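One-letter residues, chain by chain:
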Amino acid sequence: VFFWSLMALVFLGAIYDVFMQTLTAYFKQRASGVIAFVVQVLSPLLRLVVVVIGWGILGFVGVLVTIPLVATALAAWQTTRVRRELAPQPTLDAAGARLPQRIVSYSSLSYWQQLTEYLYSLDFVLLAIPGAAAVASFKFAHSLINQILGALWSPLAGIQIPLFARLHGRNDERQLREAYAILSKFLVAI
């Protein structure tokens, strides 16, 4: 059950990211904000229900899978609405596009960032640090770093995709490569 739940979380997380990036690319921040709000409200409510009913650890595992399932369903629904608003035919000639290569390189960088975030996460490090004082110090430093990274990353989410789309729409390969290179260097530095 734990293994399949973990696999479901990985799969739903990847699909959710694609849907949310689509919403960001088409300036649907209100929809993505509502989805994030629903997830933040649903999470403690479902956990409270599990505690009240007394379902134990399997109930919490169910909550861990249910929340991304609901979020992914909402994001898919909103993305479907965005697709209906788009023109029925592409506006650009995509014959020379290297979209698969760009998706792989961007996704690889994103997954690398997620892996490094996991390696300094509380769940990972608390296994290695003995003692309450060290745990408290690390928890403080961890929350401070997360706030700084959040402040750096949040503005990029609404800027990078429209910027890349605009440069791609102009067929300006030089500026597109430069924009990817600058963003990649910035993310590596973070």
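In this numbering scheme, every chain counts its residues from 1 along its sequence in written order. Two thresholds apply to this predicted model, a pLDDT of at least 70 for residue-level local features and 80 or more for giving and counting side-chain atom pairs, whereas whole-chain, interface and lining totals are computed over all residues. Values shown for side chains rest on all heavy atoms present in the structure; no hydrogens or waters enter the calculation.

1. Re the overall build of the chain
- Regarding its fold elements, the chain presents seven helices and zero strands.
- Listing each helix as α and each strand as β along the chain from the N terminus yields α-α-α-α-α-α-α.
- The buried share of the chain, taken over its 190 residues, is 22%.
- Summarising the internal contacts of the chain: among those between residues at least 6 apart in sequence, 65% fall at separations of at least 24.
- Here the chain has roughly 13100 Å² of accessible surface; of this, 70% comes from carbon and sulfur atoms. Secondary structure elements are taken from DSSP: a helix is a run of H or I of four residues or more, a strand is a run of E of two residues or more, and numbering for both begins at the N terminus. Buried, partly exposed and exposed residues are distinguished by accessible area as a fraction of the type maximum, computed with a 1.4 Å probe on protein chains only: under 20%, between the cut-offs, and over 50%, respectively. In this analysis, two residues are considered to be in contact whenever any of their non-hydrogen atoms come within 4.5 Å of each other. Note on areas: these come from Shrake-Rupley sampling with a 1.4 Å probe, and a residue is covered only by the protein chains present in the view.

2. Considerations on the pattern of salt bridges
- Whenever a carboxyl oxygen of Asp or Glu lies within 4 Å of a side-chain nitrogen of Lys or Arg, that contact is scored as a salt bridge. Under the counting rule described, the total for this entry stands at one salt bridge.
- Here R174 ties to E178 by a salt bridge, and the two come within 2.7 Å at their closest N and O atoms. Within this pair, R174 and its partner E178 are both found in helix α7 (residues 173-189), separated by four residues, close to a single helical turn.

3. Focus: a nonpolar patch on the surface
- Residues F3, W4, L6, M7 and V10 make up a contiguous nonpolar surface patch of roughly 560 Å² in combined accessible area.
- Mapping M7 onto the fold places it in helix α1 (residues 2-25).
- Take M7: its relative accessible area is 35%, and that puts it in the partly exposed class. Like charges are joined within 9 Å and nonpolar side chains (Val, Leu, Ile, Met, Phe, Trp, Tyr) within 5 Å, but only among residues with over 30% relative accessible area and no salt bridge; these make up the patches.

4. Regarding the environment of I15
- Relative to the helices and strands, I15 resides in helix α1.
- When the C-alpha positions of I15 and P68 are compared, they lie 9.8 Å apart, and in sequence the two are 53 residues distant.

5. A word on α1
- Expected helix span is computed as 1.5 Å times (number of residues minus one). The terminal C-alpha atoms of α1 lie 34 Å apart, and with 24 residues this matches the ideal 34 Å at 1.5 Å per residue to within 8%.
- Burial in α1 covers these residues: S5, L12, M20, L23 and T24.

6. A few points about the packing of helix α2 (residues 29-53) against helix α3 (residues 56-85)
- Note on geometry: axes are C-alpha line fits, over the in-contact stretch for helices, and angles between N-to-C directions span 0 to 180 degrees. Look at α2 against α3: their axes get within 10 Å of each other, and the N-to-C directions meet at 160 degrees. Considering the angle they form, α2 stands roughly antiparallel to α3. Remark: the crossing between α2 and α3 carries right-handed chirality. From α2, A31, I35, V38, V39, L42, S43, L46, R47, V50 and V51 reach across to α3, where they touch G56, G59, F60, V63, L64, T66, I67, V70, A71, L74, A75 and Q78.
- Here the nonpolar group is Ala, Val, Leu, Ile, Met, Phe, Trp, Tyr, Cys and Pro; Asp, Glu, Lys and Arg are the charged ones; every other residue, Gly included, is treated as polar. Per-class residue counts for the contact of α2 with α3 are 16 nonpolar, five polar and one charged. Roughly parallel refers to an angle under 35 degrees, roughly antiparallel to one over 145, roughly perpendicular to one between 65 and 115, and oblique to any angle outside these ranges. Take the far helix as the reference: if the near one is turned anticlockwise from it by less than a right angle, the crossing is left-handed, and if turned clockwise, right-handed.

7. Quick notes on the packing of α1 against α3
- In contact at an axis separation of 9 Å, α1 and α3 are set at 25 degrees when each is read in the N-to-C sense. With respect to each other, α1 and α3 are oriented roughly parallel. Where α1 crosses over α3, the handedness of that crossing is left-handed.
- Its residues assigned to classes, the contact of α1 with α3 shows 19 nonpolar, five polar and no charged.

8. Side note on the packing of aromatic side chains
- Pairing of aromatic side chains here covers Phe, Tyr and the six-membered ring of Trp, requires ring centres within 6.5 Å, and sorts the geometry by plane angle: under 30 degrees stacked, over 60 edge-to-face, intermediate tilted. What the rule picks out here adds up to one aromatic pair.
- Measuring from ring centre to ring centre gives 5.2 Å for F3 and W4, while their planes differ by 75 degrees; the resulting arrangement is edge-to-face.
- Comment: the charge-over-ring label is applied if NZ (Lys) or CZ (Arg) is within 6 Å of the ring centre and within 35 degrees of the ring normal. One residue, R81, lies across the ring of W77, its end atom 5.7 Å from the ring centre.

9. A word on the confidence of the model for the chain
- Across the chain, the average pLDDT comes to 79, with 79% of residues at 70 or higher.
- Values of pLDDT, ranging from 0 to 100, describe the predictor's confidence in every residue of the model. For the chain, the element scoring lowest by mean pLDDT is helix α5 (residues 122-125), at 66; α3 scores highest, at 91.

10. Points about the side chain of S32
- Mapped onto the elements of the fold, S32 is located in helix α2.
- Overall, the relative accessible area of 12% leaves S32 in the buried class.
- In this view, S32 contacts M20 and L23; residues no more than four positions away in its chain are not counted.

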